[in-house]
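Residues per chain are reported as follows:
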Amino acid sequence: MLICPKCGLPLSLKEKSACCENGHSFDRARQGYWNLLMDNSSHGHGDDKKMLQSRRSFLEGGYYEPLADQLSETVAELFPRRGVLLDAGCGEGYYTQKLDAALKKAGKEPSLYAFDIAKEAVRMTAGKLEKKGTFFVASTFHIPMKTASADVALSLFAPYSEEEFLRVLRPQGYLVRAVPLEDHLYRLKKAVYDHPVKNEKKAVIGEGFVLLSETELRGEIRLDSPEKIRTLFGMTPYEKKTGLRERARLESLSELSVETHFGIFVYRRRG
Ligand SMILES: [Zn+2]
């Protein structure tokens, strides 16, 4: 299923290394994943360790479980009895693990492939799922998977390339996206910023796909300690755009009820 990120030929995976017929070879990391990212600049890519740890600790508190349950139900319905599930931008692996477990519970046999551009994220996912899948570091804009190899691709709060999804999905394969909608965490933003902005509803994907369904999911979560509020804030993209004054406001919050607002979009690849 995996291809060489240098030349595009199939990769054969051995115990400790993967190689293509042109002799390009990639080592398996001790924690059980492959680094197939070509641009290994020292700055690191994607979310940093602190943000990923915030995310893991928050998600494991169960606050977004209703979303995980809805996603599980949606994916279990359209997944074939056997097939390839591709989690494109898997983060620290919370949804990856939930969906893999839900599919198995529904009697399906998913071959799981999950990747992220952040090495630390893949390390955490591989640790969480152990030997239940193939995990690799890669970019969503250059996915080292064979053409027409995936039955269902997931893009959960991740950047994506429509062109790449069209390539890696089988004809009639599905793309499942989750995005934050307008009101998501608005009360938290309002408590911190002078001019809070609502999320934009993300533009719908182009002509290669047919939109099959669109589900809105609203909820309310109660954060009863300053630590939980900071943890939630730490896993959002706002974390990096916050000045001293906003930071002080955030630190002064002791409890908060905040709305969640998600959208789940299911597309079918034409073909
Ligand atoms: Zn190669």
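Summarised in this report is the structure supplied together with it. Because the structure is a prediction, the values reported are computed rather than measured.

1. Here we look at the overall build of the chain
Next up, step 1: If you tally the helices and strands in the chain, you get 8 helices and 11 strands.
Next up, step 2: Its C-alpha atoms give the chain a radius of gyration of 19 Å, near enough to 18 Å, the size a compact globule of 271 residues would have.
Next up, step 3: Dimensions of the chain along its principal axes, counting C-alpha atoms only, are 60 × 40 × 35 Å.
Next up, step 4: Counting over 271 residues, the chain shows a buried share of 39%.
Next up, step 5: In the chain, once contacts between residues fewer than 6 apart in sequence are set aside, the share between residues at least 24 apart is 68%.

2. Quick look at the sheet that holds strand β2 (residues 17–19)
Next up, step 1: The 3 strands are arranged β1-β2-β3 in an open sheet whose pairing can be described as antiparallel. The open sheet has two edge strands, β1 (12–13) and β3 (25–27), and neither has a second partner.
Next up, step 2: Pairing of β2 with β3 involves 3 bridges; the strand directions are antiparallel. In the sheet register, Cys19 faces β3, and the bridge partner there is Ser25.

3. A few points about the pairing of strand β7 (residues 133–137)
Next up, step 1: Buried residues dominate β7, accounting for 5 of its 5 residues.
Next up, step 2: Side chains Gly133, Phe135 and Val137 of β7 all project onto a buried face; the interleaved residues Thr134 and Phe136 project onto the opposite face, where all are buried too.
Next up, step 3: Judged from the 2 bridges that link them, strand β4 (residues 34–35) and β7 form a sheet pairing that is parallel. Bridge pairing in β7 links Asn35 to Val137.
Next up, step 4: The pairing of strand β6 (residues 109–116) with β7 spans 5 bridges and is classified as parallel. What sits directly across from Ala114, in β7, is Phe135.
Next up, step 5: As for the winding sense of the linkage, the β-α-β connection from β6 through helix α4 (residues 119–129) to β7 is right-handed.

4. What to know about the pairing of strand β8 (residues 150–156)
Next up, step 1: In terms of burial, β8 is a largely internal element, 6 of the 7 residues being buried.
Next up, step 2: In this structure, strand β5 (residues 82–88) lies alongside β8, joined through 3 bridges in parallel fashion. Bridge pairing in β8 links Leu85 to Val152.
Next up, step 3: With 6 bridges connecting them, β8 and strand β9 (residues 169–180) associate as parallel partners. Bridge assignment links Ser155 to a residue of β9, and that residue is Arg177.
Next up, step 4: In terms of handedness, the path from β8 via helix α5 (residues 162–168) over to β9 forms a crossover that is right-handed.

5. Quick word on the nonpolar core
Next up, step 1: Counting residues in hydrophobic clusters, the biggest one holds 74 residues, and the most contacted among them are Leu86, Phe115, Phe136, Val137, Val152 and Ala153.
Next up, step 2: In terms of residue count, strand β11 (residues 256–269) provides more of this core than any other element does, 6 residues in total.
Next up, step 3: Apart from the residues within four sequence positions on either side, Phe115 is in contact with Ala88, Cys90, Val122, Phe135, Phe136, Val137 and Ala138.

6. With respect to the packing of helix α2 (residues 65–78) against helix α3 (residues 94–105)
Next up, step 1: Closest axis-to-axis distance for the α2/α3 pair is 9 Å, and the angle between their directions is 45°. As summarised for this structure, α2 and α3 are arranged oblique, according to the angle between their axes. By crossing handedness, the relation of α2 to α3 is classed as right-handed. Contacts from Ala68, Leu71, Ser72, Val75 and Ala76 in α2 reach Tyr95, Lys98, Leu99, Ala102 and Leu103 in α3.
Next up, step 2: Partitioned by chemical class, the residues of the contact of α2 with α3 number 8 nonpolar, 1 polar and 1 charged.

7. A word on helix α1 (residues 49–59)
Next up, step 1: The complete set of buried residues in α1 reads Met51, Leu52, Ser54, Arg55, Phe58 and Leu59. When α1 is viewed along its axis, its buried side chains cluster within an angular range of 160° and face the same direction.
Next up, step 2: Turning to α1, the residues buried within the fold contact α3, α4 and α7 (226–234).

8. Re the sheet that holds β11
Next up, step 1: One open sheet holds the 8 strands; their spatial order is β4-β7-β6-β5-β8-β9-β11-β10, and the pairing between them is mixed. A strand with exactly one partner marks an edge of an open sheet, and here the two such strands are β4 and β10 (209–223).
Next up, step 2: When β9 meets β11, the two strands line up antiparallel, connected through 7 bridges. Across the sheet, Val176 pairs through a bridge with Val266, a residue of β11.

Rules used throughout
- Residues numbered from 1 in each chain as written.
- Predicted model: local features only at pLDDT ≥ 70, side-chain atom pairs only at ≥ 80, totals over all residues.
- Helix = DSSP H or I, 4+ residues; strand = E, 2+ residues; numbered from the N terminus.
- Rg over C-alpha atoms; globule rule 2.2 N^0.38 Å.
- Buried ≥ 20, exposed ≤ 12 C-beta atoms within 10 Å, placed from the backbone.
- Contact = placed C-beta atoms within 7 Å.
- Pairing = 2+ DSSP bridges.
- Right-handed = clockwise from strand over helix to strand, strands pointing away.
- Core = buried A, V, L, I, M, F, W, Y, C linked by C-beta atoms within 7 Å.
- Axes fitted to C-alpha atoms, helices over the stretch in contact; angles between N-to-C directions.
- Parallel < 35°, antiparallel > 145°, perpendicular 65-115°, else oblique.
- Left-handed = near helix turned anticlockwise from the far one by under 90°.
- Nonpolar A, V, L, I, M, F, W, Y, C, P; charged D, E, K, R; others polar.
- Arc of directions from axis to C-beta.

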